[in-house]
Structures are given as structure tokens and as C-alpha cells.
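Report on the structure
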Amino acid sequence: MVRGPVASFSVWDYVVFVGTVLGAAGIGLFQAIRGRKNTSSDEFLLGGRQMTAVPVAMSLTASFMSGITVIGTPAEAYRFGAAFWIFGISYAIMSIITAEIFVPLFYRLGITSTYEYLEMRFNKLIRVIGTTMYIIQTVNIQLTSRKWVTGLDLWGVLVATGVVCIIYCTLGGLKAVIWTDVFQMVIMLAGFVAVIARGAVIQGGLGKIWDDCYQGGRLNLFDFDPDPLKRHTFWTIVVGGSVMWASIYSINQSQVQRYISCKTLTQAKLSLYVNMIGLWVTVSLAVFSGLTMYSIYKNCDPLTNGDVGALDQLLPYLVMDILAAYPGVPGLFVAAAYSGTLSTVSSSINALVAVTVEDFIRPMYKNLTDKQVTWMNMGLSVFFGFLCIGMAAIASLMGSILQAALSIFGMISGPLLGLYLLGMFWRTANSTGGLTGLIMGLVITLWVGIGAQIYPPLADKTNPLPISVAGCNRTQDLNYTTLAPWTSAVTMTPLDRPALADSWYSLSYLYFCLLGTLVTVIVGLVVSAITGGCKQEKLSSDLFVRRSDLFCAGCGKDSEVKLLPPPHFTSPHPTSLSLSHTKDVEKVTKM
């Protein structure tokens, strides 16, 4: 088997790719024209709170499927096996936690920004800190651009992504983002199906692919070793993965903003359960794409053979290798990965606008008119769109160190989740305890995370599976060392590693979020008790989880949602304190 350079984009590939871009932009323009008579901030940021479960669910799934996920998950299955399938259990646990605990509370309060809750429950300082942490985290997510091996110009992709997202986010708001995500979700799944179908034809059927992966050890899913230092085991994925994904879906503005846009509580909950099915389908297709790739390259690994420079270039390489003979099909795959990028960027833009307006601008300028807020929303959409282009451009110049930055900022969600749980379940928790717990949780997770990037775990903890170049005929003078993803390119001898490197710093990355959550809750409770948490003023029961929230049987009605002011806070916008999920009725609820 000879491996080497593959074909580049054909004219028809560009046609398919450009068609996808224009389709996304067209949906945004359609939503802008359709909703031109209603330009309120509630319409722009929350779709008028009239969305239904299925499109919101598809949007939630599309947001999960970033361009990195589309390309990274198959590469994970190729190098480490199909253990990623176990995340299906984590998605189920995450969906139940989010739908039955967080959705009823956020929906009842009628919030626009997730971080409004932090001011209601604690104080304004904690709200500002939480919002700032989210903005830093979200902006740095854009630092994940990779140059693929399709011949498609990176700068062209960056500019096209930014301009298209700016158009439909600025003109169409959340509705445009959601309906564009639906379109992009279909494109992404079609890309996976194309890879699997062509691979099955080449290899002689799905059964042959399955048998190759079994012989290559890729189907050993269940490792019940309780060692928390091993990268992926049943326990790290189910326990750590569930908490990690719960932190993303429960409190991340990009996700929360979608399901609180639903017109009833039942629709909001249903959107998460439909999304769970979407995640199962998505991860199954992504993993099987990786297994297909292993079956094709089992005797000649392109990475070791020097045909690609990084693990996340394997799937694009495969596409150009096996689908280049079919004009337009490689364009479909790149459109799929590109759609994941579009979905991530558009959701980020819309969420960043929401938290900036609700958490920073409105509290400072309390007499803004609806028209002024509308123009501010549109202006901020343009600003954050160009900011995302700039961050992605910087990423393309700086290299792999940004993967470390992404991991570090991903650890922010654990302490934040702990802060929300502290406020929702323990009445004795006060602002001092919450702030102290948040800081301690953040310090601990950054400590272990930065240490893991500087001193990456050794192969006995990451467990990369064997690869071969026996079928290649040009392997002389090549470097056979293959790096695992999310690790540093610096090779260190055992003498270079401190004592913590093979213990504390080798903790599975899936436990970072759980660690931050536990530290925040425990420290928060202890400090609250020391500072007299039980003596604080009486808080509204609406700020806490209720038994009736769990699997509520009467949630099908158009429940009224009311936004509670924080203690000692008088809103300058009385209509923002209460919103009803009926079409034409708004009520003001005074506490």
C-alpha cells in the first residue's frame, strides 16, 4: 500500500461548499425578513420565547458538534478505540440532570442571561465574575482552527465563516441561529454517512470493518479500572463525563439560551431529551467513521508515515483519499466540518451579545429604549463576529499551544457548576461562601490543568492503541513517534518529571470538571457556615430547586415565568421582571 499526497478540491467540491455557505446565509436573511416587524430584544435574543422542541434540540446538538468534534472524534476512535461510545450514557445522565433540575428553575425565573441567577441568589459581584469567566472561555473556544489537508485556503474559510455568521446573527437573531443549526445538522450527518458508506464499499462491507477493528483492539469499550489517572475508563467517562457535559448544557449561556426560548416548560424539557437522541446518533456516526478509517489504514498509518502532520488531519485526509473520485462529495464533508464551525461561532456570537447586554450594559444604562437595545444587539453581533475571526486567525499562526489554552479555559465550567449547585440546593450558602468556593475551585482546576499540559500523562495512562506502517513502502527515515491528542509536543525523560507529574498532573481530564465542582461546593458550605450563613435574610423559594420540578406532570400548560429581582434591587425595566409564555399577554409580578 502506497500512501502519499491526496487530491485537492475540484470545481464541484467548491460548488457544494459555497452552496452550503449561501444556504446558511439565506436562512438568516429569511428569518430577518420574516421577523422584521418585531425587533424587540426578547425576539432577537430568545426568539420571542415561542420556539418548539425539535428545532431547538437539533440546534443544541449542532452546537455540540463543532468543527473540532466532527474531525476530532473519528481520530479519537482511530487512535484510542471506540470507548467514546460510552459517552452515550453520559449524555443520558446529563440530559436528565439538566431537564429536571436546571430547566424548571431557569424557565420559572424567565432569565435571558444565565448569570442573572447569580445576582438573584448571591450578589452583583459574583454575577459579574461569572459572566466574565464565560466570556473568556467562549472567546478562547475560537482558538481551535486547524489547517486541513483539502487544499482549501484557511484565510478564506476564516473570513467566510465570520461574514456569514455576522450576517445571520445580526439580522435574524436567535431564530436565525436555531434554524441555521437545523440545516447544518443535516449537512454534518450527511458527511459522516458519506465516509462510512464509501469505506464500506472499499472494504467489502460493514462486517469487514467491524472485524478489522475487533482484531486491532478498537472494540474493547469497557475498562472498569477505577484508577482516576487513566484517560478513558468506564468510570471516568460515565462519572466525570456526565458532570462535564452537565456543566456545558446546564449553565452555559449558549445552550441555556436555546431551551429557555421554548414556549412551554414541557417543550423546553423535551428539547433536551430529543437532543440526547441526536447526540447518540452523532457520536455513533463519528465513532464509526473513525473505525472505518482504521480498517482502511490499519497497515499504513498516514500520521506515522508522514502523510499528515497531526491526528486531527486524518479524517480530511481519508475523505480526499477515498472520495476524490466523486466530484462534490469531498465538498460535502468539508461543508459538514465547516457547518460545525459555523454552529459554534454563531451560538457564541448570540450568547456573548446576550450576556454583554443583560449583565453589563443594561445595569449601567438603565434608561435605554427598545430601539437603542436593538441596535446595540446588532452592533455587538458584528463586533463579536469580527472578534471570533481575529481569534481564529491568531490560532492559525500560533500552533498547538492553543490546544492547551482550550483545555485550561474548559476547566472554568466545573467551579461555575459548583457555584450554581451551591445556590440551588443549600439555603445556608451565602455570598462569601459562594465567592470563596468559586475562587478555590478555579485555583485547583487550573493548577492540575496547567500541570497536565506542562507534564502530559505517559502512554500507560492514555493507552494509545497499536498502529502499523507494515503496508507502506516509503517508511525509511521517518519519525515513528505518534503523539496523543491534548498533549504537549515536548518529550521529557522521567528525570525531567516532578513527583506530581505521574499522580496529580496525570488525573484524567474528564475529572477536572468534577474536581472543580466538588471543591467549590465543599469550600462554599464550610465558609458559609463560618460566616453565619444561616442568619442571612429570607430568600424567595423560586430561587431553589423544588420537588415539583422533577418529572412534573402538569408542565404541559403555558407556564408563567417571572424574573425575580435580587435583594435590594429595583429594576428600571418592570416589563423585564415578568414574561408570560402566551402569545400576547405580559404580566408584571412584584415580589
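Going along each chain's sequence as written, the residues are numbered from 1 onward. Under the rules for a predicted model, residues below a pLDDT of 70 receive no local features and side-chain atom pairs below 80 are neither given nor counted, while totals for whole chains, interfaces and linings still include all residues. The basis for the side-chain values is all heavy atoms of the structure; hydrogens and waters are excluded.

Re helix H18 (residues 431-454)
Helix numbering and strand numbering both begin at the N terminus, where a helix is a DSSP run of H or I of at least 4 residues and a strand a DSSP run of E of at least 2. Multiply 1.5 Å by the residue count of a helix minus one, and that product is the helix's expected span. With 24 residues, H18 extends 34 Å from end C-alpha to end C-alpha; this agrees with the ideal 34 Å at 1.5 Å per step. Those residues of H18 that fall on the buried side of the exposure criterion are Gly433, Gly434, Gly437, Leu438, Gly441, Ile444, Thr445, Val448, Gly449, Gly451, Ala452 and Gln453. In the analysis that follows, any N or O atom pair within 3.5 Å is treated as a polar contact, provided that within protein one partner can donate a hydrogen and the other can accept it, and provided that, for residues neighboring in sequence, both atoms belong to side chains. The backbone nitrogen of threonine 432 lies 3.3 Å from a side-chain oxygen of the residue at the head of H18, namely asparagine 430. Buried means the residue's accessible area, taken with a 1.4 Å probe over protein chains only, is under 20% of the maximum for its type, while exposed means over 50%, and partly exposed covers the values in between.

A closer look at helix H20 (residues 512-530)
End to end, H20 covers 27 Å across 19 residues, agreeing with the expected 27 Å (1.5 Å per residue, within 8%). Those residues of H20 that sit buried are Phe512, Cys513, Leu514, Leu515, Gly516, Thr517, Val519, Thr520, Val521, Gly524, Val527 and Ser528. Elements in contact with the buried residues of H20: helix H10 (234-251), helix H17 (413-425) and H18. One or two steps after H20, the chain reaches glycine 532, where phi turns positive at roughly 80°. A contact between two residues is defined here by any heavy atoms of the two lying within 4.5 Å.

Considering the pattern of salt bridges
In what follows, salt bridge is the name for a side-chain nitrogen of Lys or Arg lying within 4 Å of a carboxyl oxygen of Asp or Glu. In total, this model carries nine salt bridges according to the counting rule given. A salt bridge links arginine 231 to glutamate 76, with the nearest nitrogen and oxygen atoms 2.9 Å apart. Taken together, the residues arginine 231 in the loop between helix H9 (206-215) and H10 and glutamate 76 in helix H4 (residues 67-80) connect sequence positions 155 residues apart. The same class applies to arginine 231 as to glutamate 76, namely buried. Look at the salt bridges and you will find they share partners, linking Arg108, Asp542 and Arg546 into a network.

Structural notes on a nonpolar patch on the surface
A contiguous nonpolar surface patch, about 280 Å² in accessible area, is contributed by Leu29, Val159, Val163 and Ile167. Counting residues per element, the nonpolar patch draws most heavily on helix H8 (residues 154-203), which supplies three residues. Within this analysis, patches are made of residues with over 30% relative accessible area and no salt bridge. Like charges are joined at 9 Å or less; nonpolar side chains (Val, Leu, Ile, Met, Phe, Trp, Tyr) at 5 Å or less. With residues, only the protein chains shown are counted as cover, and all accessible areas are computed by Shrake-Rupley using a 1.4 Å probe.

Thoughts on the nonpolar core
Core analysis: the largest hydrophobic core is formed by 137 residues, its most contacted members being Phe102, Phe106, Tyr117 and Tyr420. Not counting residues within four places of it along the chain, the set of residues in contact with tyrosine 420 comprises Phe102, Phe106, Thr114, Tyr115, Tyr117, Leu118 and Ile251. Definition of nonpolar core: a set of buried residues of the types Ala, Val, Leu, Ile, Met, Phe, Trp, Tyr and Cys, connected through side-chain atoms within 4.5 Å.

Concerning the packing of aromatic side chains
Aromatic rings considered in pairs are described by the distance between their centres and by the relative angle of their planes. Two rings belonging to Phe, Tyr or Trp (six-membered ring only in the last case) form a pair when the distance between their centres is within 6.5 Å. Interplanar angles under 30 degrees mark stacking, angles over 60 mark edge-to-face geometry, and anything in between is tilted. Applying the stated criterion to the full structure yields 22 aromatic pairs. Their ring planes at 25° and their centres at 6.2 Å tell us that phenylalanine 87 and tyrosine 91 sit as a pair that is stacked. Residue phenylalanine 87 and its partner tyrosine 91 are both found in helix H5 (residues 87-109); the two are separated by four residues, about one turn of the helix. When its relative accessible area of 1% is taken as the criterion, phenylalanine 87 is described as buried.

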